[in-house]
Amino acid sequence: MTIFWLSVGFGLVTASVLALASVGLSLQFGVTNYVNFAYGAFLTLGAYFAWTVLTGGHLPLGLAIVIGALGVGVVGVLCDRIVFRSFTRSGFPLFYLLIVSFGVSLILGNVVQGVWGPSPQFFAVVSQFPLHIGPFLLTPAQLVIIGVAIVSMVGVHLLLTRTRLGKAMRAMSDNPALAQVSGIDINRVTTWAWFISGSLAGLAGIALAISTASFEPGFGENFLFTIFAAVIVGGIGQPYGAMLGAFLIGMVTEVSAAFIDPSYSTDLAFVVLIVMLLLRPQGLIPARGKA
Amino acid sequence: MSALQAEGLTTGYGSVPVVSNVSMEARSGEVVVLVGPNGAGKSTFLKGLFGLLRHTTGRVVVDGRDVSGWPPHRIARCGMAYVPQVSNIFPTMSVVENLEIGGFASGGDVRQRIDEVLAIFPDLARSPRAKAGSLSGGQQNILGMARSLMLSPKVVLLDEPTAGLAPRYVGTVWEQVGRLSTAGTAVMVVEQNVELAMRHSDRVYVLVAGRVRLHGTPEEIRRHDLTALFLGGGATPSAEVGEQSMRSV
């Protein structure tokens, strides 16, 4: 029983990291209607940006996290403006954009390797003793990750339901042509979507790097398909679905590790994905009119 | 006063023009209807007017301002609204949120305007929190029209607002069109049902194969054999239209 609750605790941490990442991916997909395979590289960049600010700039960890996350937001906007938008403007099929995003991922991955080298790095978080919280055993860093994820999810909810930008993003996700004729500047909203999506990816990358012992170039890319599993299980392009999908996949991967060989935990995420696609292909929260 | 003026507009998809050198006008408080056979270019023309399709020739003037080449969101902000034939709502958003998006470009608090618009459409006011996608087809068309009014436009373009609707909603939609024109708005409607168009319009444009073949009041248009015209019959427009008040373009 103790192992079960320990694994549920780990599940909450993994679900939190996944939620940050999958909600960001969903927001961007909802607005642009194409999948960004460079998203894993965004996670990697977030970890390296924050690590550089922390170790090179000697700034507090909290500030390093904020700068790292916002930095990836800016990278997202630049990728959109310099690369993706020229393809969308020219009316290229969505499949082309998928291939282009693969290319961007490779470029960013090589930039990371070139700038920071191939050696693993780690966040020098002060040695932490795990705390007993109910049946869970969690370190303060893990608690912070869960807290950051909860605050971020509430923030995303408020953004989507209370702000003009969030409503415009939902309108674009629903019906981009109608959003445009309703007076919404879709280029501007798209820019914001990339910034928010990139920032959440950066935050997820930092959380992932802190929750694991070390990180190296390509560690975000390795996590990408688990993020896709959470997004698809939740319902493509649906931020609330992505939250649910992240919770489900996070829990399944970690709780299963308590009973079967942990090396199969990622495989289990895809078993969940396949079962979901068979039983409910539209995901937990279906999207309308998405490619 | 002319609220909308299109002069020599040529537009289409890619490099293929669907409508060529079309000129039309809608005055304040007037209901102008575009009729024509399938594929005549009626909906394409509306999209061209609203900047959703590029036009290769001509210009569009809204309330005295040349909006040619403007992106749709800017055109929406200068006093013209457009309600597409299909997908004219945001299905996962509530009725009120749809209206909020309609007033997005105003930049301010739109609650008072939402109340005003809901007062015009009591059917929508009964379920303001309902998801738009859960409304009936007729209610969705009404919501599309209500959304378009949020910015108090000078011109409203309606693309087949009664297509596929139950008869009771057809009357409601035309009733609302009438109210709009009474309030001083110029309304340009694409309509497949010629008889309905004649009954509810002040002026009618007949579009065939991407060109205006007739133009006049419903009474003037009724004097012509539209079926033959729709089937490609008739001589050149100028020879066909004899009345002085009726212009061919």
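Note: the structure precedes this text.
Here goes a summary of the coordinates provided. Predicted, not measured: the structure shown is a model, and the values here were computed from it. (Residues numbered from 1 in each chain as written. Chains lettered and ligands numbered in written order. Predicted model: local features only at pLDDT ≥ 70, side-chain atom pairs only at ≥ 80, totals over all residues. Heavy atoms only, no water.)

Thoughts on the overall build of chain B
The criterion, for reference: Segments assigned H or I by DSSP are reported as helices when at least four residues long, segments assigned E as strands when at least two residues long, and all are numbered from the N terminus. Just to be clear, the radius of gyration here is over C-alpha atoms, and the globule rule we use is 2.2 Å times residues to the power 0.38. Only protein chains enter the accessibility calculation, which uses a 1.4 Å probe; a residue whose area is less than 20% of its type maximum is buried, one above 50% is exposed, and one in between is partly exposed. Residues are treated as being in contact if the distance between any of their heavy atoms lies within 4.5 Å. The Shrake-Rupley method, run with a 1.4 Å probe sphere, supplies the accessible areas, and residue values consider only the shown protein chains as cover. Counting rule for charge: Lys and Arg are taken as positive, Asp and Glu as negative, and neither His nor the chain ends is counted. By convention, charge coordinates are those of NZ in Lys, CZ in Arg, CG in Asp, or CD in Glu.
Counting its secondary structure elements, chain B contains 11 helices and 10 strands. In terms of overall size, chain B behaves like a compact globule, its C-alpha atoms giving a radius of gyration of 18 Å where 249 residues would be expected to give roughly 18 Å. Counting only C-alpha atoms, chain B reaches 55 × 40 × 35 Å along its principal axes. A total of 249 residues make up chain B; the buried ones form 54% of that total. For chain B, restricting intrachain contacts to residue pairs at least 6 apart in sequence, the fraction spanning at least 24 positions comes to 67%. If you sum the accessible surface of chain B, you get close to 10,300 Å²; carbon and sulfur atoms cover 49% of it. The centroid of the 24 positive side-chain charges in chain B is displaced by 5 Å from the centroid of its 22 negative side-chain charges.

As for the packing of aromatic side chains
For clarity, the threshold we go by: The pairing test for Phe, Tyr and Trp rings, Trp by its six-membered ring, is centres within 6.5 Å, and the orientation test on the planes gives stacked under 30 degrees, edge-to-face over 60, and tilted for anything in between. Put simply, a charge is over a ring when the Lys NZ or the Arg CZ is close to the ring centre, within 6 Å, and near the line of the ring normal, within 35 degrees.
One pass over the structure, following the stated rule, counts 19 aromatic pairs over all chains. Taking the centre distance of 6.4 Å and the plane angle of 40° together, the rings of A:Tyr34 and A:Trp194 count as tilted. Highlighted residues: A:Tyr34 in the loop between helix H1 (2-32) and helix H2 (39-56) and A:Trp194 in helix H8 (residues 186-211), separated in sequence by 160 residues. Here A:Tyr34 and A:Trp194 have matching classes, each one buried. An aromatic cluster is built from A:Tyr48, A:Phe49, A:Trp116, A:Phe123, A:Phe215 and A:Phe219, whose rings are joined through pairwise contacts. The ring of B:Phe104 has A:Arg164 sitting right over it, with the charged end atom 4.2 Å from the ring centre. Directly above the aromatic system of B:Trp70 lies the positively charged group of B:Arg74, at a separation of 4.0 Å from the ring centroid.

Some thoughts on the nonpolar core
Considering soluble globular proteins, one finds that nonpolar side chains tend to be buried as a cluster. Operational definition: What we call a nonpolar core is a set of buried Ala, Val, Leu, Ile, Met, Phe, Trp, Tyr and Cys residues that are connected through their side-chain atoms within 4.5 Å.
In terms of nonpolar packing, the biggest core is built from 126 residues, with A:Tyr39, A:Phe42, B:Leu4, B:Phe45, B:Leu49, B:Leu157 and B:Met188 touching the most fellow members. Tallying contributions element by element places H8(A) first for this core, with 13 residues. Ignoring any residue separated from it by four or fewer positions in sequence, one finds A:Tyr39 in contact with A:Leu20, A:Ala21, A:Gly24, A:Leu25, A:Ser197, A:Leu200, A:Ala201, A:Leu224 and A:Ile227. Core analysis: the second largest hydrophobic core is formed by 44 residues, B:Phe121, B:Val208, B:Ile221 and B:Leu226 among them.

Here's the deal with helix H6 (residues 137-148) of chain B
Think of an α-helix as 3.6 residues a turn; residues three or four steps apart then line up on the same face. Residue and element names in this part refer to chain B. Threshold: A helix is expected to span 1.5 Å multiplied by its residue count minus one.
Between its first and last C-alpha, H6 extends 17 Å over 12 residues, near the 16 Å set by a 1.5 Å rise per residue. For H6, the tally of buried residues reaches 11 of 12 residues, placing the bulk of the element in the interior. By the burial criterion, the buried members of H6 are Gly138, Gln139, Gln140, Asn141, Ile142, Leu143, Gly144, Met145, Ala146, Arg147 and Ser148.

Description of the environment of B:Val32
Residue and element names in this part refer to chain B. Along the chain, valine 32 turns up in strand E3 (residues 31-35). The spatial distance from the C-alpha of valine 32 to the C-alpha of methionine 188 is 4.7 Å, given a sequence separation of 156 residues. In this structure, valine 32 is in contact with Glu25, Ala26, Val187, Met188, Val189, Arg203 and Tyr205, ignoring residues within four places of it in sequence.

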